[in-house]
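# Summary of structural features
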Amino acid sequence: PRRGRVRKQCSAGVAMRSVLVPVKRVIDYAVKVRVRPDRAAVDLQSVKMSLNPFCEIAVEEARKLKEAGTAEEVVAVSIGAKDTEQTLRTALAMGCDRAVHITTDLRTDQELQPLAVARLLEQIVRREDSSLVLMGKQSIDGDNCQTGPMLAALLGWPQATFAATLRVDGAEIEVDRETDAGTELVRLGLPAVVTTDLRLNEPRYATLPNIVKAKKKPLEKIEASSLVADLAPRNLVLEVNEPEARQAGVLVESVDELVDKLKNEAGVVDAAPPPRTPGRADTLRPAAAPLGRGDPQRTPNNAPPSQHA
């Protein structure tokens, strides 16, 4: 039957059995971050938390791989306290098939640092026998950009960071990665680690039916200490301070007043312009006189004949 042929074709085109998507619970990007009175850390009490935006992009890309028949299963994994389960349910509602919750009481924004996270994820990758790890390039709380490359090094896998596009070609993937000079095309053999950038896709909102279904999807809990014994931080945070408050702006009535304030108060405009240094432009021929109203437009087709013709 036709349905059987389609199912067989999709199964033959599957390049990856499992795609692992690490996700993180962070302070919502729209919330104003406050520092605790003791300046030891950021205040997390009564603050709206959400799924890290770069992790949302990774979940969406993994979902697209499954919809295209390239991957069989998408597994979300997250590390944190009891509330992290809400973040995993969000990932399940966005398209993941099941989730793994690595439980710990350490603060994931400060105490649980990238190397410890990479070691925990290494154990999950080997346990799940994943073909691809898709993860956000960074979390918006620590902004370290280190977990992905560290995980690839621990696994001995190739990596492509800051992915702007992702294409699967059999047992290989092609990634256009963002760089300071533009984009770089890299080709990797599977298994591999890929970190996602903003231009990779636009995550879809979780629909109400999917949110309801996510509550019934399997979610496994594993104690972090049972995977990695040493989770101690390598860096010690001495003090956390809020950025200095910006001074209020001043409205001016005219351009002359603006120039006066920039010159005399801010000191960013010189009192007199520097002397002009003659350059090549001073030796160029003057521009041709403008055409008169009755003169024809001189295009390559009606240019004046050469004197040597």
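Starting from 1, residues in each chain are numbered consecutively following that chain's sequence as written. A pLDDT threshold of at least 70 governs which residues receive local features in this predicted model, and a stricter bar of 80 or more applies before side-chain atom pairs are shown or counted, although totals over entire chains, interfaces and linings include all residues. Remark: hydrogens and water are excluded; side-chain values derive from all non-hydrogen atoms of the structure.

### A few points about the pattern of salt bridges
- Basic side-chain nitrogens of Lys or Arg form a salt bridge, by our definition, when they fall within 4 Å of a carboxyl oxygen of Asp or Glu. This model, assessed by the stated rule, comprises 26 salt bridges.
- Of the charged contacts, one joins Asp141 and Lys24 as a salt bridge, the two residues approaching to 3.2 Å between their closest N and O atoms. Within this pair, whereas Asp141 is found in the loop between strand E6 (132-136) and helix H5 (147-155), its partner Lys24 is found in the loop between strand E1 (16-22) and strand E2 (25-27), the two being separated by 117 residues in sequence.
- The network of salt bridges with common partners includes Arg167, Asp169, Glu172, Glu174, Asp176 and Arg187. To qualify as a helix, a DSSP run of H or I must reach at least 4 residues; to qualify as a strand, a run of E must reach at least 2; elements of each kind are numbered from the N terminus.

### So, empty space enclosed by the protein
- Using protein atoms alone on a 1 Å grid, points that fit a 1.4 Å probe yet trap it form a cavity, whereas open point sets bounded by protein on both sides within 12 Å along at least five of seven lines form a pocket; residues with an atom within 4 Å of a point count as lining. Grid points are joined across faces, edges and corners, and a volume is the space filled by probe spheres set on the points. Counting across every chain of the model gives one cavity of 30 Å³ or more.
- Of the volumes computed, that of the largest cavity is approximately 40 Å³.
- Around the largest cavity, the lining residues are Gln113, Leu115, Ala116, Arg119, Asp230, Ala232 and Arg234.

### A short note on the pairing of strand E10 (residues 192-196)
- Only protein chains enter the area calculation, which uses a 1.4 Å probe; residues under 20% of their type maximum are buried, those over 50% are exposed, and those in between are partly exposed. In terms of burial, E10 is a largely internal element, five of the five residues being buried.
- Residues Ala192, Val194 and Thr196 point to one face of E10 and Val193 and Thr195 to the other, with burial holding for every one of them.
- Note that E6 and E10 share five bridges and pair parallel. Within E10, the residue paired with Leu134 across the bridge is Val194. Pairs of strands are assigned from DSSP output, requiring at least two bridges between the strands.

All we've got here are geometric facts, nothing functional implied.
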